[in-house]
Every structure is written in C-alpha cells, then in structure tokens.
Amino acid sequence: MAEIVIVPSPADAGALVADEIVRLIAERPDTVLGLATGSTPLPVYEALRSRVEGLDVSRVRGFALDEYVGIDPNHPESYRSVITREVVEPLGLNPDLIHTPNGALETISHAGEDYERAIAEAGGIDLQILGIGTSGHIGFNEPGSSFASRTRVKTLIEQTRKDNARFFDRVEDVPMHCITQGLGTILGAKHLVLLAFGEGKAAAVAGAVEGPVTSSLPGSAIQLHPHVTVVVDEAAASQLAHADYYRYVAANKPAWQGL
Ligand code: PGA
C-alpha cells in the first residue's frame, strides 16, 4: 500500500518532499530526479530553493515526465522552458544533466526510444515526482494507457487541454499531442511521490489510491509499485474512504521509518 500523508497545505507537502530530495542528494550527489510540471509540484521546487543552499547539486540529474509535440522548445510553456524556469535556474542545476522528451516533429518517430535509453543509461530514476490530472492521468498517460507503456506520443483528451488552457492564450493553442513517459516507465522509478491539492483532484486521488487498478484511471498504476508516497491536502483527501486509517498510520509511524 502506498503511504498516504495528509498535510494541512501545499507548502507543508512541498517541505516534506523537498526534505526527502535533499536527503537523497546529500547521500548521492548524482541522484536522478523525475520532474513533473504543472502547478502541483511547484511547492516542492519552491521549498527546495532554500534547502539546496550549501548543497552540491552540480551532479544532480533529472528527467521530465513529458513534453508537448511540435511546440517550440523556447515557447514559455514548453515543458523544457518550464523545467528550466522553475527547477534548473532557481536551484542552480546543470542544464546539460536535465532532460525533457524531445517533442520536435523531425525526430518524433524515435524520440520515445531515445528517452528510454537515456533514462536507462542514467541507471533509472531514483525519485519520481508526480501530479495527477482530473482525468486520473499521471504524466500525460490519459485513460486507457497501457500499464506496460514506455515513452511515446499520446493524444491529449479534451479535458486536459481545457485544464492546461490557463497556461496559454486560448484552449486551441494547447497542443493536441504530447510525448510522455509511459506508465511502465514511471513504474520503473525507485520511489514514486504523487502530490495532489484541492477538491478538484479528490476523485482522481481516491480512484488512484483506493479504486480498482484500471487503465481507465491511469494513476491507479501506483498500486502496483512497491514504494509510493502520496502527499495530499485535506481537500484532495476528502473522498478517501480510509482517510482516518492513513492519519492513524501517520500518527503511529515509527521514528526509524523514512518517507
Ligand atoms: P496540475 O496538473 O499540477 O497543473 O494540476 C497535474 C497533471 O496534469 O498531472
């Protein structure tokens, strides 16, 4: 079972996850992070800013979950740009060690395989940060995605394009296609940390954590992974049937047990 941590606020979630990332980097300076975009992981990146002072992050490696297909990498909403702006620059990471799937049309036929190879050559992802979409997607693995899927091109569902329209001028400007790590790729990371905040995520969180394991709710794939931490605020936890048990587990967590 995943460990479910219910926190008062996104800032508390950010602090909790940032502490774990700092612990990993201190232990292994070339730690491989799986980086998510969207609004959800921002409190983690924010909390990391003060924590990385004095820490050698020059060898930290990273792989983004996904990218839009056909977007100019210099577009402010390409995930390359978002990761550079939110993670690489503020934390002082080496940009050469931080990868995003290549959404360029010219090379898209082998971009997925290239990305898989790069992750494998890095020795796999140590800690994968995940958000969850209102559709239940993780990465851009929309409902119906195979649990065995690897990095590949997907078509975004209309709801996801609407959800992401806030980053663009109009919903029509949100790219239709993306290249995303597959569910199989994500399940290959050593530790999954899924974050969700707000009422709008409550149904997806409940389905992912407690619902049947089904490709109709891709986030439910986390139930197949041996080391998952789900960090949610009260609103995102509001549809969890066993929330009281998760609180009881947290209150009685042995001091020796890490995240
Ligand atoms: P959000 O997106 O963090 O912007 O809500 C999450 C997701 O789509 O995975």
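What comes next is a walk through the structure.

## Thoughts on the pairing of strand 6 (residues 127–130)
Point 1. Residues L127 and I129 point to one face of strand 6 and Q128 and L130 to the other, with burial holding for every one of them.
Point 2. Bridge count between strand 6 and strand 9 (residues 191–196): four bridges; the pairing is parallel. In the strand pairing of strand 9, Q128 is matched with L192.

## Let's talk about the site of the ligand
Point 1. Every residue close to the ligand is listed here: G38, S39, T40, G131, I132, G133, H137, R166 and K201.
Point 2. Residue H137 places a side-chain N or O atom 2.6 Å away from an oxygen atom belonging to the ligand.
Point 3. Contact with the protein chains hides 84% of the accessible area of the ligand, taken as 280 Å² for the molecule alone.
Point 4. Taken together, the residues of the shell around the ligand sort by class into one nonpolar, six polar and two charged.

## Observations regarding the packing of aromatic side chains
What characterises a pair of aromatic rings is the spacing of the ring centres plus the angle enclosed by the ring planes.
Point 1. Across all of its chains, the model carries six aromatic pairs by this definition.
Point 2. Look at Y79 and F140: their rings are 5.9 Å apart centre to centre, the planes differ by 25°, and that puts the pair in the stacked class. With a gap of 61 residues between them, Y79 in helix 3 (residues 79–91) and F140 in the loop between strand 6 and strand 7 (152–155) connect regions that are remote in the sequence. The pair Y79 / F140 is uniform in exposure class, with both members buried.
Point 3. One aromatic cluster is present, built from ring pairs that chain together Y68, Y79, F140 and F168.

## Remarks on the packing of helix 1 (residues 10–27) against helix 2 (residues 42–51)
Point 1. Axis separation between helix 1 and helix 2 bottoms out at 7 Å; the angle between their running directions is 55°. The angle between the axes of helix 1 and helix 2 places the two elements in the oblique class. As helix 1 runs across helix 2, the sense of the crossing is right-handed. Where helix 1 approaches helix 2, its residues P10, G14, A15, V17, A18, D19, I21 and V22 are matched on the opposing element by P43, V44, A47, L48 and R51.

Parameters at a glance
Residues numbered from 1 in each chain as written. Predicted model: local features only at pLDDT ≥ 70, side-chain atom pairs only at ≥ 80, totals over all residues. Heavy atoms only, no water. Buried < 20%, exposed > 50% of the residue type's maximum accessible area, 1.4 Å probe, protein only. Helix = DSSP H or I, 4+ residues; strand = E, 2+ residues; numbered from the N terminus. Pairing = 2+ DSSP bridges. Near = heavy atom within 4 Å. Polar contact = N/O pair within 3.5 Å; in protein donor to acceptor, adjacent residues only side chain to side chain. Areas by Shrake-Rupley, 256 points an atom, 1.4 Å probe, with all protein chains shown as cover. Nonpolar A, V, L, I, M, F, W, Y, C, P; charged D, E, K, R; others polar. Phe/Tyr/Trp six-rings, centres within 6.5 Å; stacked < 30°, edge-to-face > 60°. Axes fitted to C-alpha atoms, helices over the stretch in contact; angles between N-to-C directions. Parallel < 35°, antiparallel > 145°, perpendicular 65-115°, else oblique. Left-handed = near helix turned anticlockwise from the far one by under 90°. Contact = heavy atoms within 4.5 Å.

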